[in-house]
Amino acid sequence: MSTHGSPGNEKLLKRRPRASSLRRIETDKGHHLTGPFMVQTPLGSSTPESCDSPASSDSFRMAKQKGGFIADLLSARWVVNPVSSFKLLMIPVLLYINWELLAPYLAPRLSNPFAPLLFISYRIPDSPPDDPLYAKGYLDLAFLAFHIVFYSFVRQFVTIGICHPIARYFGIKKRAKLDRFGEQGYALLYFAVMGAWGYRIMGQLPTWWYRTEYFWIDYPHWRMKPELKRYFLMHAAYWCQQLIVLLLRLEKPRKDYNELIIHHFVTLWLIGWGYLINLTLIGHAIYMSMDIPDAFLAFSKLLNYMGWHRLKVFSLAVFLVAWTYFRHWLNLVILRSVWFEFDLIDESNRVWSPKTGAWLVWWMKYQIAFPISLLQLLNLFWYYLIWRIVIRSLRDVEVTDVRSDDEDDGDDDDTKDEKED
C-alpha cells in the first residue's frame, strides 16, 4: 500500500527540495562545495553514532572484527582501512629490502624485481648522471598500483590520526562533521604539497609560468626529468584512488555523487591520455592550475567548520582570486594554446607513429581541446556556486536549513536532533 501521502513523507518532501533545483544545491549540506560553507551547528554539540562512513574509527574496529585483513583485501575495504592498507604496503617494501640484502650473495646480476613498485623505471641510459632522464613503459603501472595503496593509507591516517583530534580540540564532535573535516584536512595537505611541488618542477621546465608555446615546440616530450615523471604518476595514483572509493561506494556517497564522478573521469582522461601521447608538459600545467586553488578551497572549508567565520571570509576572498586566475584564466590560456599553437609542432612529428613517440595528427587538436573544455564547463558551474557562497558570506546572510545535523546523517537522526534543539 502506498504511503506517499503520509504526514511523515509530506514533512520529508517539505524539508528537501527537488534535486534538479539550484536552490537545492545551494542549501544542501551533502554537496561537496556548498555544504561545508553552510552555517554550522554549535561547536561541542553531539549526535548519535549515525554516520556509517568507514572514515570513522569505530567503523574500522567493527570491520576488523568482522573479518580482518583477508576480508578487507577481498572486499576492497583496504582502500578505506588504514591498518589493512599499511599491511599491504609493507609486503613489497619488505620483499624489496630482503632482495637487496640477499641478492648480492644469491643472484648478484639480477635487478630487484620489486623496485618498479617503489621507484620510477626506464632511466634513459645515455642521459647524463647529473641530469638523468626517464622514458615511460608498462612498469609504470606497477608504480601506480603501489601508490594507490600508499594514498589509501595516507588519506585515512591523516583523516583519523591527525584531523579528527584537531577537530575535537576545536569542539567538533558530530560524526559526520568529523569525517568531512578530515576529508578537507587531507585535501589541504595533498593539494598544498602537490601545488608547491608542481611549482618547483615548473621552474625546471621551458614552460615556466605558462609559456605555452613550449607545450608544442620539440614535441614529443617523452624524455622526462625524474621529478616530472614521479609527480605525474603520483598525481595519477591519487585520482585513481579517489575514483575507486567513489565507484565502489566504500564511503557513504555524497549527494553530488554524479558530479564528482564526471570530474574524476575527465581528470583521469587528461592524465592518462596526456601521459600516453607524450604531452607531459601541458599535463603538468593543467595539474598546477587545479592544485593551487583547491588548497585554498580546502582551507576555507576548514575555517568554516571551526567557526572562524571572519577569517573564513578573508580566506574565501583570497581563494576566489586564486580560483579565477588558475581555474579560469590559465585554463583558457591553455585552451587558446591548443587551438592556435598546435601547429608549432614540427611537421615531421605531426604523424601517428607510436614507435617514435609522435601521436599528434591533425585531428588530435580536437581530442585535446574537448576534455579541457569539459573541465572548463565544470569549473564555470562551480564558479557560479562559489560566487554565491562569497556574496552570502560578505553579506553575513545566514542560510537556513531545517536539518540541524550535519551533511549526511540519516533521516531519523535529523528528526531527533530537531526535537533536541
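Here we summarise the structure given alongside this text. No experiment lies behind these values; they were computed from the predicted model shown.

1. So, the overall build of the protein chain
No. 1: Counting its secondary structure elements, the protein chain contains 14 helices and zero strands.
No. 2: Reading the secondary structure of the protein chain in the N-to-C direction produces α-α-α-α-α-α-α-α-α-α-α-α-α-α.
No. 3: For the protein chain, the proportion of its 421 residues judged to be buried stands at 53%.
No. 4: Residue pairs in contact within the protein chain that sit at least 24 positions apart in sequence constitute 75% of those at least 6 positions apart.
No. 5: Split by element, the accessible area of the protein chain, about 20,700 Å² in all, is 65% carbon and sulfur.

2. Observations regarding the environment of Gly 185
No. 1: Position of Gly 185 among the secondary structure elements: in helix α8 (residues 175-202).
No. 2: Overall, the relative accessible area of 11% leaves Gly 185 in the buried class.
No. 3: Along the chain, Gly 185 and Thr 159 lie 26 residues apart, while their C-alpha atoms are 7.0 Å from each other.
No. 4: Once residues lying within four places of it in the same chain are set aside, the contact partners of Gly 185 are Cys 163 and Leu 302.

3. A closer look at unusual backbone geometry
No. 1: A cis amide bond links Tyr 219 to the next residue, Pro 220, at an omega of 10°.
No. 2: Along the polypeptide, Pro 220 turns up in the loop between α8 and α9 (226-247).
No. 3: Of note, the phi angle at Trp 209 is positive, near 30°, even though the residue is not glycine.
No. 4: Turning to its location among the elements, Trp 209 is positioned in the loop between α8 and α9.

Thresholds applied
- Residues numbered from 1 in each chain as written.
- Predicted model: local features only at pLDDT ≥ 70, side-chain atom pairs only at ≥ 80, totals over all residues.
- Heavy atoms only, no water.
- Helix = DSSP H or I, 4+ residues; strand = E, 2+ residues; numbered from the N terminus.
- Buried < 20%, exposed > 50% of the residue type's maximum accessible area, 1.4 Å probe, protein only.
- Contact = heavy atoms within 4.5 Å.
- Areas by Shrake-Rupley, 256 points an atom, 1.4 Å probe, with all protein chains shown as cover.

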